[in-house]
Amino acid sequence: MKVLVIGSGGREHALVWALAQDADVEQVVAAPGNPGIAALHPAYDGQTIVCRPVDVSDHAAVVALATEIGVDLAVVGPEAPLVAGLADPLRDAGIPVFGPSKDAAQLEGSKAFAKDVMAAASVPTSRAYVCTTPEQAAEAIDAFGPPYVVKDDGLAAGKGVVVTSDRAEALAHAAGCEQVLIEEFLDGPEVSLFAITDGTTVLPMQPAQDFKRLGDNDEGPNTGGMGAYTPLPWAPEGMVAEITDKVLQPTVDEMRRRGTPFSGLLYAGLALTSRGVRVIEFNCRFGDPETQALLPMLKTPLGGLLLAAATGKLADYDQLSWRNGSAVAVVLAAKKYPVNPRSGDTIAGIDQAEGDTVRVFHAGTALDGDDLVTAGGRVLAVSATGKDLDEARQRAYAAVGQIRIKGSQHRTDIALKAARGEITV
C-alpha cells in the first residue's frame, strides 16, 4: 500500500511515523514534508519514506503527484487545504482520501456552520451569538458578562479564540474578525476526543487533553497548543461512550442527512461542565499536538484503518486497540512565539533526546545547509511514553532538556495536575 501524506507539520510527521509502523504500508510520500520526515527514511527497512515538493494550495499539482506515484490512499493533514476543498479533486481522480470534502470541512471552516449543525442534531454546546458588527459584538459581550469568549468564525491556525475578563481586549479581538462568535464561558476540564469516521460508522479514539495557553498554569496568550497527554486518568467512566452517543454519532448522522457526509477525522473539543458535556468546537483533522501523544499509543495499524474510513468500510472494525501506559507531548516554541516567532536559530540535541520511548516530531524546522534551524512558531513536539503519566512526563522533560534552541520556550506543567490526581469532574 502506498500512502501520500499532505502537509509539513508535526501532525504530518507523526502520521508518517505511525504509517511506517504498519506492515501493509510499503511506501509513504510526504508532500511537502519536513526535515524530520525526511530523516525517517533510513530507519525502516523495506519501506520507502520520501518527501516530495508540492504547493498544497495547487490542487491540480497535488492530484498530479498522487497520480504519478500511484497512491492507494491520500491523507490530507492540515485544515486549510481541507477547507479549501483539496479532498474533492483527489476523489474525482479516483483516489481514496482520508479527509472530508469541502462542504463537510465547514464544520471547522465556519464556527457558525458548526453551531447550526449541532442545533439540528441536538448536540449539547455553549450558547452563542453570531456577530458581524462591533455594535452586535459589544451587545453580546455585555449579555454574557466575563469571562468573555470571542471566536473568529473562520480558520485562524488555532489562535482565533480569546478568553479574557478584559472587556476592551474582547472587543478588540471581535473588531478584527469579519464574523465573530460571542459565547458563554464553559466551566470544567477540557477534553479532546478524536473519531475516525467513514460518514456512517464512528470509531472514537482514546481521549486526550491539550494545553492552549503559552505559559504554565494556563497563563499568557492562546496558541495552537503547547502540549498534550493521553489517556485521562481522571475521566469519568463511560465518558467516551457518552460523547460518541451524544456528540460524534449525531453530528455524523446530521452531515449525512444534509447530503454532505463527513468522512475522515472528526475532532471534538469539549468541556465537562457542571451541567454535563458541552462541545467547544469541531475540527476536521487530526489535532496538533494531541496527535503526537495519541499515535505512539495506538496499536491498531494506521494505514488499514485510514483506508477503511476512506472507502466506507469502517464497520469492519469493532474498536481500536491501544497500548498500556501513557504518553506526554511537550512543544518547544521559538522565541517571541506566538506574536512574532524568530526563525533561523540552530537546533541541536535531537539525536541525544530520542530513544525507544521518546520521539521528536518536527513542526517548524528547515535545513540551512547542513544545519537544522527553526522555521515556525511551534518548532518541535517531544513525545514520550511510560507506564503512567509520571514516567512519561519524566522522560519527555528529560528529552526536552537535551535539545538546544536559543531563546526557545516551553511549558513545564504538561500533564502535571493529572499526574498528581488534582483534576476532578
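What counts as what
Residues numbered from 1 in each chain as written. Predicted model: local features only at pLDDT ≥ 70, side-chain atom pairs only at ≥ 80, totals over all residues. Heavy atoms only, no water. Axes fitted to C-alpha atoms, helices over the stretch in contact; angles between N-to-C directions. Helix = DSSP H or I, 4+ residues; strand = E, 2+ residues; numbered from the N terminus. Parallel < 35°, antiparallel > 145°, perpendicular 65-115°, else oblique. Contact = heavy atoms within 4.5 Å. Nonpolar A, V, L, I, M, F, W, Y, C, P; charged D, E, K, R; others polar. Left-handed = near helix turned anticlockwise from the far one by under 90°. Phe/Tyr/Trp six-rings, centres within 6.5 Å; stacked < 30°, edge-to-face > 60°. Lys NZ or Arg CZ within 6 Å of the ring centre and 35° of its normal. Core = buried A, V, L, I, M, F, W, Y, C linked by side-chain atoms within 4.5 Å. Buried < 20%, exposed > 50% of the residue type's maximum accessible area, 1.4 Å probe, protein only. Lys, Arg positive; Asp, Glu negative; His and termini not counted. Salt bridge = Lys/Arg side-chain N within 4 Å of Asp/Glu carboxyl O. Polar contact = N/O pair within 3.5 Å; in protein donor to acceptor, adjacent residues only side chain to side chain. Arc of directions from axis to C-beta. Pairing = 2+ DSSP bridges.

Novice: Just to check I follow, could you spell out the packing of helix H7 (residues 111-121) against helix H10 (residues 239-257) for this structure?
Specialist: For any two helices packed against each other, the geometry comes down to the angle between their axes and how far apart the axes lie. Where H7 contacts H10, the two axes come as close as 9 Å, and the packing angle between them is 100 degrees. Considering their axes alone, H7 and H10 lie roughly perpendicular with respect to each other. When H7 is examined against H10, the residues Phe113, Val117, Ala120 and Ala121 are found in contact with a partner set consisting of Pro250, Thr251, Glu254 and Met255. Within the contact of H7 with H10, the residues separate by chemical class into six nonpolar, one polar and one charged.

Novice: Where do I start with the packing of helix H8 (residues 134-144) against helix H9 (residues 167-175) in this structure?
Specialist: With their axes 10 Å apart at the nearest point, H8 and H9 run at an angle of 140 degrees to one another. Pair H8 / H9 crosses with right-handed handedness. Residues Ala137, Ala138, Ile141 and Asp142 of H8 lie in contact with H9, whose contacting residues are Arg167, Ala170, Leu171 and Ala174.

Novice: I tried to follow the packing of aromatic side chains on my own but got confused; where do I start?
Specialist: Any pair of aromatic rings gets described here by the distance separating the centres and the angle formed by the planes. Scanning the entire structure with this criterion turns up six aromatic pairs. Through a chain of ring-to-ring contacts, the aromatic side chains of Phe98, Phe194, Tyr267 and Phe286 assemble into a single cluster. Here the guanidinium or amino end of Arg285 rests over the ring plane of Tyr267, the centre of that ring lying 5.9 Å away.

Novice: Can you help me understand the nonpolar core in this one?
Specialist: As a rule of thumb, nonpolar side chains are buried together in soluble globular proteins. Core analysis: the largest hydrophobic core is formed by 77 residues, its most contacted members being Leu90, Tyr229, Val247 and Ile403. The contact partners of Ile403, leaving out residues within four places of it in the chain, are Leu332, Ile347, Ala348, Gly349, Ile350, Ala353, Val360, Leu380 and Val382. Formed by 50 residues, the second largest nonpolar core is a distinct cluster that contains Ala30, Phe98, Leu294 and Ala310.

Novice: How should I be thinking about the side chain of Asp22 in this particular structure?
Specialist: Considering the arrangement of structural elements, one finds Asp22 in the loop between helix H1 (10-19) and strand S2 (27-32). Comment: no salt bridge for buried Asp22; closest opposite-charge side chain is Arg323, at 11 Å. Engagement of the side chain of Asp22 in a polar contact is seen with the backbone nitrogen of Asp24, the distance being 2.9 Å. Separated by 2.9 Å, the side chain of Asp22 and the backbone nitrogen of Gly303 make a polar contact.

Novice: I would appreciate a short explanation of H8 in the present structure.
Specialist: Those residues of H8 not exposed but buried are Ala137, Ala138, Ala140, Ile141 and Phe144. When H8 is viewed along its axis, its buried side chains cluster within an angular range of 165 degrees and face the same direction. In H8, the exposed residues that point more than 90 degrees away from the buried face are Glu135, Glu139 and Ala143. If you follow the buried residues of H8, they end up packed against strand S6 (128-131), strand S7 (148-152), H9 and strand S9 (180-183). Within two residues after H8, Gly145 carries a phi angle of roughly 80 degrees, on the positive side.

Novice: Help me understand the sheet that holds strand S15 (residues 227-230), please; the structure alone is not making it clear to me.
Specialist: Hydrogen bonds between backbone atoms are what pair the strands of a sheet, whose relative direction is either parallel or antiparallel. One open sheet holds the five strands; their spatial order is S12-S15-S18-S23-S20, and the pairing between them is antiparallel. With partners counted over all chains shown, the strands left at the sheet margins are strand S12 (209-210) and strand S20 (358-362), one partner each. Pairing analysis gives five bridges linking S20 to strand S23 (residues 378-386), with the strands arranged antiparallel. Residue pairing across strands places Val358 opposite Ala384, the latter belonging to S23. Packing of helix H14 (residues 389-400) onto the sheet brings it into contact with S15, strand S18 (326-333), S20 and S23, and relative to S18 it is tilted by some 30 degrees.

Novice: Would you explain the sheet that holds strand S5 (residues 97-98) in this entry?
Specialist: In spatial order, the strands read S3-S2-S1-S4-S5; together these five strands make up an open sheet with parallel pairing. Looking at which strands have only one partner, the edges of the open sheet turn out to be strand S3 (48-51) and S5. For strand S4 (residues 73-76) and S5, the ladder comprises two bridges, and the chain directions are parallel. Across the sheet, Val75 pairs through a bridge with Phe98, a residue of S5. Strands in contact with helix H3 (residues 59-69) are strand S1 (2-7) and S2; relative to S1, the strand with the most contacts, it is inclined by about 160 degrees. Sitting on the sheet, helix H12 (residues 302-310) touches S4 and S5, and the angle it makes with S4 is about 90 degrees.

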